[in-house]
Amino acid sequence: FQESDLKNAAKYYNKAIRKFPNFRRAYKNLGLVQVQSGNYKAAVKTISKSMELGDVDGRSYGLLGYGYLTQELYYPAETAYRQAILMNSETLDWKLGLARCLMETQRYEDAIALFDTLIKLNPNRADFWLLQGNAYIGNDSPMAAARNIEIVRRMGKAELTTLTLLGDIYINNDAPELALDAYLD
């Protein structure tokens, strides 16, 4: 596993589990191998088994959340991500996974609140401003989204599609001068 030979690592972890059915660390490491191999459905079962045997930590919950998210099972993914954040609040991936779950389930207000926190911690991350802008659009608040896009624009990180979206928002909200400015940029 440490040498990135995932195929053989999986083979030997499975062999260890057959010999020792309660070998918690073998389950956890096999779950990691399965995540890295893209076998998320199997990883969910394996990581769940390691947790059942007592290996409960933020990383396990986060990987479990990711496994569920890749299968578009948003409710268990959200639950796992929330647990991961409680146990390991510094890991950004868990917060972004939770945000994706919230967006996919159209819980835009919760996503907006989560991005408020992420933006406070990382105000120079243009992607956070844009993701929150998408949540504002989903929440039918296009001018709030325009505010976020304007911040990204002032950061000098707005791309063509972002500026086009900004222009479209302004056109749809009877602000043609602002739309022209965005389109010209």
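Quick look at the structure, then. (Residues numbered from 1 in each chain as written. Predicted model: local features only at pLDDT ≥ 70, side-chain atom pairs only at ≥ 80, totals over all residues. Heavy atoms only, no water.)

**Things to note about unusual backbone geometry**
Step number 1: A positive phi angle, near 60 degrees, is found at Glu72, a position not held by glycine.
Step number 2: Glu72 sits in the exposed class, given a relative accessible area of 56%.
Step number 3: With phi around 60 degrees, Gln106 is a residue other than glycine that occupies positive phi space.
Step number 4: Inspection of the secondary structure assignment puts Gln106 in the loop between helix 6 (92–104) and helix 7 (108–121).
Step number 5: With a relative accessible area of 57%, Gln106 lands in the exposed category. (Buried < 20%, exposed > 50% of the residue type's maximum accessible area, 1.4 Å probe, protein only. Helix = DSSP H or I, 4+ residues; strand = E, 2+ residues; numbered from the N terminus.)

**Some thoughts on helix 4 (residues 58–70)**
Step number 1: Taking 1.5 Å of rise per residue, 13 residues should cover 18 Å, and helix 4 covers 18 Å from first to last C-alpha, within 8% of that figure.
Step number 2: Across the 13 residues that make up helix 4, a large majority, ten, are buried.
Step number 3: Along helix 4, the residues classified as buried are Gly58, Ser60, Tyr61, Gly62, Leu63, Leu64, Gly65, Gly67, Tyr68 and Leu69.
Step number 4: Along its buried surface, helix 4 packs onto helix 2 (24–37), helix 3 (40–52), helix 5 (74–87) and helix 6.
Step number 5: At the C-terminal side of helix 4, Glu72 shows a positive phi close to 60 degrees. (Expected span 1.5 Å × (residues − 1). Contact = heavy atoms within 4.5 Å.)

**Here's the deal with the pattern of salt bridges**
Step number 1: Tallied over the full model, the rule gives ten salt bridges.
Step number 2: Residues Asp55 and Lys28 are paired through a salt bridge, measuring 3.3 Å at the closest nitrogen-oxygen approach. Of the two residues, Asp55 sits in the loop between helix 3 and helix 4 while Lys28 sits in helix 2, which places them 27 residues apart along the sequence. As far as burial versus exposure is concerned, Asp55 and Lys28 are alike and both buried.
Step number 3: A salt bridge links Asp127 to Arg125; the shortest N-O distance between them is 2.7 Å.
Step number 4: A relative accessible area of 30% means that Asp127 is categorised as partly exposed.
Step number 5: Arg125 gets classed as partly exposed once you look at its relative accessible area, which sits at 31%.
Step number 6: Bridged by salt links that share partners, the residues Glu78, Arg82, Arg107 and Asp110 form one connected network. (Salt bridge = Lys/Arg side-chain N within 4 Å of Asp/Glu carboxyl O.)

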